Amino acid sequence: MTPQDIARAVDVIRAGGVVGMPTETVYGLACDATNGQAVARVFEVKARPSFDPLIAHVADRAMAGSITQGEWPVAAQRLVEAFWPGPLTLVLPRAAAGAGLPGVAELATSGLDTVAVRCPSGGVARRLIEGAGVPLAAPSANRFGSISPTTAEAVRAELGDAVDVVLDGGPCEHGLESTVVGFEEGGAPVVLRLGAVTLEQLGEVLGDAPTVRSGGSRPAAPGMLDRHYAPRTPMRLVETWEAAVEASRTFLGGPEGRVGLLAPGLLDDEGGRAADLAAGFAVSRRLRVGDDLRASAAVLFAAMRDLDGLGLVRIVVVAAPERGLGRAINDRLRRASAR
Ligand code: TXA
Ligand code: MG
């Protein structure tokens, strides 16, 4: 990608267009957050319900301060010091437009009196925000309810000509969306969406792990519906080895047709058991490399997309260990397999 590519994308943003934007988490569908018509187009392209607000992406704390109201809670300041720029989104009181500053468009925040702000670390996103000189509203660049794209090709496959430009920044580093944190009246932090910053990491900075209030069909973050991140192929989530083996027996050789296995948490070296299990399926994707789950997270959505394109009748998914990134991975897998 050349500086000219970025400059062209900046022009598109300034003219009220929409740009496929790589970030360190997933690709976003970016527009000028202060331009209501541009924001409306993002909702239209995504087929996203207007009750589901967008994240405003900022270049730095000063830009964040210009769209939020008043002093930030101490916990917010600590979190920003530790994780910005990076995959952490904060929900804060929203500033009214005024003093010559165009505020974030009403539609971008779905009329709420809060605004979600995030300062991405991805270089292309940063250059785009700095070039545009305004916060960029950017939901993940998928159609509503579908899998977030982690490559430029996936953005094109999802949205095609509906996007003016797609900047190709290569595969995303984290592969999972940002962690969204809000604050109660007294300033206590609450996790509204699990994501690339883990609960353990938040706990280290805050002293205590914050409470998690994500999920349900009337969720705290309006976008956290039960069914989301979903491939078209039906997915069956199992929590244990035994259940995975059982599922492979049930489907193997049955009249059902081809069944795939997705196992983001399985270690390769579990005494050959993982390989045995995989042999029971038409295709299998074990994503884990070594002991940590970062590799699994980075390729999870791409693997779901791949499997979804293979004409399988079903995908059996084995949950990851419920710790660290495993929590966010399992959160996405539960929503992807919810009916
Ligand atoms: O990593 C990410 O956050 C990616 C990249 C592109 O930055 N963006 C992303 O955006 O995941 P989106 O729109 O797919 O998810 C935003 C989430 C939704 O669950 C939405 O409901 C929540 O943030 N959200 C946004 N504004 C909010 C607000 N004012 N209060 C509560 N939740 C909010
Ligand atoms: Mg999304």
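Refer to the structure above for everything that follows.
Attention here is on the structure that accompanies the text. (Residues numbered from 1 in each chain as written. Chains lettered and ligands numbered in written order. Predicted model: local features only at pLDDT ≥ 70, side-chain atom pairs only at ≥ 80, totals over all residues. Heavy atoms only, no water.)

Mapped onto the elements of the fold, Thr198 is located in the loop between β9 (189–193) and α7 (199–206). Setting aside residues up to four positions removed in sequence, Thr198 forms contacts with Gly324 and Leu325. (Helix = DSSP H or I, 4+ residues; strand = E, 2+ residues; numbered from the N terminus. Contact = heavy atoms within 4.5 Å.)

Listing the buried residues of helix α6 (residues 152–159) in full gives Ala152, Ala154, Val155, Glu158 and Leu159. End-on view of α6: buried residues confined to an arc of 155°, all on one side of the axis. Residues of α6 that are buried in the fold lie against β2 (28–32), α2 (36–46), β7 (165–166) and α10 (294–308). One or two residues past the end of α6 sits Gly160, with phi positive at roughly 50°. (Buried < 20%, exposed > 50% of the residue type's maximum accessible area, 1.4 Å probe, protein only. Arc of directions from axis to C-beta.)

Sheet architecture is open: four strands sit in the order β11-β14-β12-β13, paired in parallel fashion. Two strands in the sheet have a free side with no partner beyond their single neighbour: β11 (235–238) and β13 (283–286). Here the average twist between neighbouring strands, direction ignored, is 15°. One ladder, built from four bridges, connects β11 with strand β14 (residues 314–318); its direction is parallel. For Met235, the partnering residue across the bridge sits in β14 and is Ile315. Each of β11, β12 (259–263), β13 and β14 touches α10; the most contacted strand, β12, lies at about 180° to it. In the packing of helix α11 (residues 325–337) onto the sheet, the strands contacted are β11, β12 and β14, and the crossing angle to β11 comes to about 140°. (Pairing = 2+ DSSP bridges. Axes fitted to C-alpha atoms, helices over the stretch in contact; angles between N-to-C directions.)

This part covers α10. For α10, spanning 15 residues, the distance from its first C-alpha to its last is 22 Å, which sits close to the expected 21 Å at 1.5 Å a residue. Largest kink in α10: about 45°, centred on Leu300. What α10 keeps buried is the set Ser296, Ala297, Leu300, Phe301, Ala303, Met304, Leu307 and Asp308. For α10, the elements touching its buried residues are β11, β12, β13, β14 and α11. (Expected span 1.5 Å × (residues − 1). Bend = angle between axes of the 7 residues up to and from the residue.)

Take the sheet that holds strand β4 (residues 88–93) next. One open sheet accounts for ten strands, arranged β7-β1-β2-β6-β3-β5-β4-β8-β9-β10; its pairing is mixed. What marks the edges here is a single partner per strand, and that holds for β7 and β10 (211–212). Pairing between β2 and strand β6 (residues 136–137): two bridges, direction antiparallel. Bridge pairing links Asp32 to Leu136 in β6.

To continue, consider the nonpolar core. Core analysis: the largest hydrophobic core is formed by 92 residues, its most contacted members being Leu90, Leu202 and Leu262. Take this core: its biggest share by element is six residues, from α10. Look past the residues within four positions of Leu262 in its chain and what remains in contact with it is Arg285, Leu287, Leu300, Ala303, Met304, Leu307, Ile315, Val316, Val317, Val318 and Leu333. (Core = buried A, V, L, I, M, F, W, Y, C linked by side-chain atoms within 4.5 Å.)

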